[in-house]
Amino acid sequence: MKKFMRKAGVLACGAVLLFGMAACGKKTEGEDAANMTPAITAEPTAEPTATPEPTATPVPTATPKPTPTPNPYEKYEGLYLKDLAVKNDFTLGTVINYNQLKSKYYVGMAQTEFHSVTTGNEMKAYSLLDQAASKNNPEGMPVMDYSEADEILTFVQENGLKMRGHVLVWDAYMSDWFFREGYTNDGAYVDEATLKARVKYYIDEVMTHFETKFPGVVYCWDVVNEAVGDGGDFKADDPRHVRTYRNSDENMFYTIIGEDYVEFSFACARETVEKLQAANPEVSIDLFYNDYSTFYDAKRDAIIELVKSINSYETNPDGSYKKLCDGIGMQSYIGGYGQQAGCMNTQDITRIETAIRKFHDLGVKVHVTEMAVRNYDKDQAEKHAKFYGKLFEAYKGLNAEEQLIENVTIWGICDDPMLSKTEYSYKQNGPYCGLFNRACVRKDAYYEAMIALIGDMPIKDLTHVPAKLEDKTYPIEYSEFNKDYAGSVKKIEYTTYAYADNGEEITKEAYVLLPPKYDENKKYNVLYLMHGIGGSPSEWNIASAFSEIRCAMDNLMYYGEAEPFIIVVPYGRSGVNYKNTGFDVAYTFYEFGKELRNDLIPYIDEHYATYADYEEGYDLTAARDHRAMAGLSMGGMQTINIGLCECLDIMSYFGAFSAAPTSNTAEVIAEKLQEFEEYDIHYFYNLCGTEDGTAYHSAAAAVEGLDELTDKITDGENFMWHKVKGDHELRIWHLGLYNFAQLVFK
């Protein structure tokens, strides 16, 4: 802006000078002599000559204003790249570190632009390990300090994001004292058995800590990082190319544990996942091997051999191989390291496509985990943007017919022209690598990636796409914030009782999402929306005005595709410690029906404009046509077991999304419905992902054959068993609520 004003000032001064000279007609002394009128020699004419008309002062011509350059990306301003990614069957992630939590610009970008994040260093062993505490631990096991990592995880949880755990075992920069007796800097190196015990303990403690304190937030772990060497640093007869050295440093994991330390680490991690799942069937954590240069032939093929080895390391009781590794993380730093030569080479895109296909053929998931499109020359911005477009076009093409990639996480996310050429980040990413500039503002590269993912899909400024029941995700336009038609959230406190414990009176919190343009003089339907076993109301993220699912509800109502309704999101535990997210209080979920009937619904009917005519001792059944219940996972179980089977007299719409394993079976449901002979079911919608190892069996068992067991259910009329491709994940639950909102209160 300063540059523009300076130029404008120069133009203005020049115009004044020019106009002033025209008005004064001032000439130089030489010009007067050269243009002097010659002397008259003839007699003058008798008739007096008329006084000549004065010469008019020329009117200055205004300097034309420069025509503003049109913004070629203007029509895409209201869209988000992450939503387009989901349309193409992958999620979008980025990196965040402890210091970046202090940057409102970076935090704001992470909140709105991405589905998931990865910590830079804070979850790595050398950041977590506490040497002093480890020395003093009488059990001889390592001790961790989670303080910085926990702050990042808190941010992630509060904003409804997901976290990639990075990383459990990595030889680079690993604290040497971890391998020594007494955890001292100069002690003797421990033996194989001792180090195996430490590694096993460390993996279990770290994974358990994050899953217990932040249930469901860490959706996958990079178990081992960069174990495949680059040449000369591995044994010649090892097809896995597992490195024995890194630069001149010995890989102590390899030296002490042995050549199978990678496989051993995965076995430990799988054991922990199984332990966590035994305590809570809803736990879903994928285990990944992560590495760089994955798209170059030699490294790619060695990684393939390593993953084969990992997944044939242990056997199941039936003799089949146990799948220890769920996926491969491709770091994808693309371009010359520290130099412009080799950057933005389209052959790299071809190599990436080939590697992804080969990795997928192993039967594992593929994530792009640390992507940076390197660029060291600011004058190459246009070429950089076009390359980004081609890269995302390739991602789109890979998923066009079959999902080959599930996540793309970008680490080279923001430009940083201030980097010194000697800095690691300069070489690793390049100063002009980003989708965003240094101020976290979208660059042309962002929009080129967006255009590539849009392809032939319609966007809002072209035409509105009418809502319909979706199988993948809802249309992008429904996830946009509608500033002219947005609901509002109230945090309430109500009196209830610890029905699952000692019955004492307690005060509980809940959140109430009021529909856009809420009017106390009108009457509104009410949906009671439940969370999962290790979660809280924040799982639905309705507190944020910009959350995708809240925007979807607002927009469905805006377009008239859903009846306006109030959403109440309570804590689903009817116990003293109702905020306890541990699995030891799961029993409190089963007593929620008493709280719902006796306390929560009466409170909502008393304080908000519902269809119920509230008064002391009022009839809850009178407004049952205007109440619904839905939930994810354990909340889906509550919807079935409590809503449908216990509260059919006071509500009539039900939505279960990935209903938990303790859900009633079709036979039990049909039997319990006999108790409500005079009450009908307006709609029962049951949704689950077909790849959901946690809930698919229970969700199916609750509904398959149900329409033959009771006359209250008729498939295609007031019932739908909706099976979609997906796992036990937020995308499925958001999809469920979006679809359910179109079915209720009709």
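Our subject is the structure that appears above.
Residues numbered from 1 in each chain as written. Predicted model: local features only at pLDDT ≥ 70, side-chain atom pairs only at ≥ 80, totals over all residues. Heavy atoms only, no water.

### Some thoughts on the overall build of the protein
Here comes step 1: Each helix and strand in the protein was counted, giving 22 helices and 19 strands.
Here comes step 2: Within the protein, buried positions represent 54% of all 746 residues.
Here comes step 3: A separation threshold of at least 6 residues defines the contact pool for the protein, and within that pool the share at least 24 residues apart is 75%.
Here comes step 4: For the protein, the computed accessible surface area is about 34,000 Å², with 50% contributed by carbon and sulfur atoms. (Helix = DSSP H or I, 4+ residues; strand = E, 2+ residues; numbered from the N terminus. Buried < 20%, exposed > 50% of the residue type's maximum accessible area, 1.4 Å probe, protein only. Contact = heavy atoms within 4.5 Å. Areas by Shrake-Rupley, 256 points an atom, 1.4 Å probe, with all protein chains shown as cover.)

### Details of the pattern of salt bridges
Here comes step 1: Within the structure shown, the criterion is met by 39 salt bridges.
Here comes step 2: Across the pair Lys 213 and Asp 150 runs a salt bridge, and its minimum N-O distance is 3.0 Å. Pair noted here: Lys 213 is in helix 8 (residues 192-213) and Asp 150 is in helix 7 (residues 147-158), with a separation of 63 residues, a long-range link.
Here comes step 3: We classify Asp 150 as buried; its relative accessible area is 9%. (Salt bridge = Lys/Arg side-chain N within 4 Å of Asp/Glu carboxyl O.)

### Points about the side chain of Gln 742
Here comes step 1: Counting through the fold element by element, Gln 742 comes out in helix 22 (residues 730-743).
Here comes step 2: By relative accessible area, Gln 742 is classed as buried at 11%.

### Things to note about the side chain of Asp 222
Here comes step 1: Along the chain, Asp 222 turns up in strand 4 (residues 218-225).
Here comes step 2: Within the structure, the side chain of Asp 222 is placed 2.8 Å from the side chain of His 166, a separation counted as a polar contact.
Here comes step 3: Look past the residues within four positions of Asp 222 in its chain and what remains in contact with it is Arg 164, Gly 165, His 166, Val 167, Leu 168, Phe 288 and Asn 290. (Polar contact = N/O pair within 3.5 Å; in protein donor to acceptor, adjacent residues only side chain to side chain.)

### Description of the sheet that holds strand 15 (residues 565-570)
Here comes step 1: Here we have eight strands laid out as an open sheet, ordered 12-13-15-14-16-17-18-19, and mixed in their pairing. The sheet is open, and its two borders are formed by strand 12 (488-497) and strand 19 (719-724), each paired with just one other strand. Put simply, the sheet's adjacent strands are angled 20° from each other on average, direction ignored.
Here comes step 2: Bridge count for strand 18 (residues 683-689) against strand 19 is six bridges, and the pairing is parallel. Its bridge partner lying in strand 19, Leu 687 is registered against His 722.
Here comes step 3: Most of the contacts of helix 17 (residues 592-607) go to strand 12, to which it runs at about 130°, and overall it touches strand 12, strand 13 (505-514), strand 14 (525-530), strand 15 and strand 16 (627-632). (Pairing = 2+ DSSP bridges. Axes fitted to C-alpha atoms, helices over the stretch in contact; angles between N-to-C directions.)

### A few points about the packing of helix 16 (residues 548-558) against helix 22
Here comes step 1: Running from N to C, helix 16 and helix 22 point in directions that differ by 15°, and their axes come no closer than 10 Å. The angle between helix 16 and helix 22 places the two elements in the roughly parallel class. At the point where helix 16 passes helix 22, the crossing takes the right-handed sense. When helix 16 is examined against helix 22, the residues Ile 549, Ala 552, Met 553 and Leu 556 are found in contact with a partner set consisting of His 734, Leu 737, Tyr 738, Ala 741 and Gln 742.
Here comes step 2: For the contact of helix 16 with helix 22, the class distribution of residues is seven nonpolar, two polar and no charged. (Parallel < 35°, antiparallel > 145°, perpendicular 65-115°, else oblique. Left-handed = near helix turned anticlockwise from the far one by under 90°. Nonpolar A, V, L, I, M, F, W, Y, C, P; charged D, E, K, R; others polar.)

### Section: the pairing of strand 2 (residues 116-119)
Here comes step 1: The two faces of strand 2 match: Ser 116 and Thr 118 on one face and Val 117 and Thr 119 on the other face are all buried.
Here comes step 2: The pairing of strand 1 (residues 91-96) with strand 2 spans four bridges and is classified as parallel. Note that in strand 2 the partner of Gly 93 across the bridge is Ser 116.
Here comes step 3: Each parallel crossover has a hand, and the one from strand 1 via helix 4 (residues 104-113) to strand 2 is right-handed.
Here comes step 4: Examined bridge by bridge, strand 2 and strand 3 (residues 162-169) share three bridges and lie parallel to one another. Residue pairing for strand 3: Val 117 is matched across the bridge by Met 163. (Right-handed = clockwise from strand over helix to strand, strands pointing away.)

### Some remarks on the nonpolar core
Here comes step 1: Phe 210, Trp 221, Phe 266, Met 371, Phe 392, Tyr 395 and Val 408 are the most contacted members of the largest nonpolar core, which has 136 residues in total.
Here comes step 2: For Val 408, the residues in contact, after removing those within four places along its chain, are Phe 90, Thr 91, Leu 92, Gly 93, Val 368, Met 371, Phe 392 and Tyr 395. (Core = buried A, V, L, I, M, F, W, Y, C linked by side-chain atoms within 4.5 Å.)

### Examining the packing of aromatic side chains
Here comes step 1: Counting across every chain of the model gives 37 aromatic pairs.
Here comes step 2: Look at Phe 392 and Tyr 395: their rings are 5.3 Å apart centre to centre, the planes differ by 75°, and that puts the pair in the edge-to-face class. Taken together, the residues span about one helical turn, with Phe 392 and Tyr 395 both in helix 13 (residues 381-398) at a distance of three residues. Each member of the pair Phe 392 and Tyr 395 is classed as buried.
Here comes step 3: Ring geometry for Tyr 478 and Tyr 738: centres 5.5 Å apart, planes at 70°, overall edge-to-face. (Phe/Tyr/Trp six-rings, centres within 6.5 Å; stacked < 30°, edge-to-face > 60°.)

### Let's talk about helix 19 (residues 666-673)
Here comes step 1: For helix 19, the full list of buried residues reads Ala 666, Ile 669, Ala 670 and Leu 673. The arc that holds every buried residue of helix 19, seen down its axis, measures 95°, which confines them to one face. Exposed side of helix 19, more than 90 degrees from the buried face: Glu 667 and Glu 671 are the residues found there. (Arc of directions from axis to C-beta.)

### Overview of the environment of Ser 658
Here comes step 1: The topology assignment puts Ser 658 in the loop between strand 17 (653-657) and helix 19.
Here comes step 2: Separated by 32 residues in sequence, Ser 658 and Thr 690 have C-alpha atoms that sit 9.8 Å apart.
Here comes step 3: If we skip the residues at most four places from it in the chain, Ser 658 touches Ser 633, Leu 687, Cys 688, Asp 692, Ala 695, His 728, Ile 732 and Trp 733.

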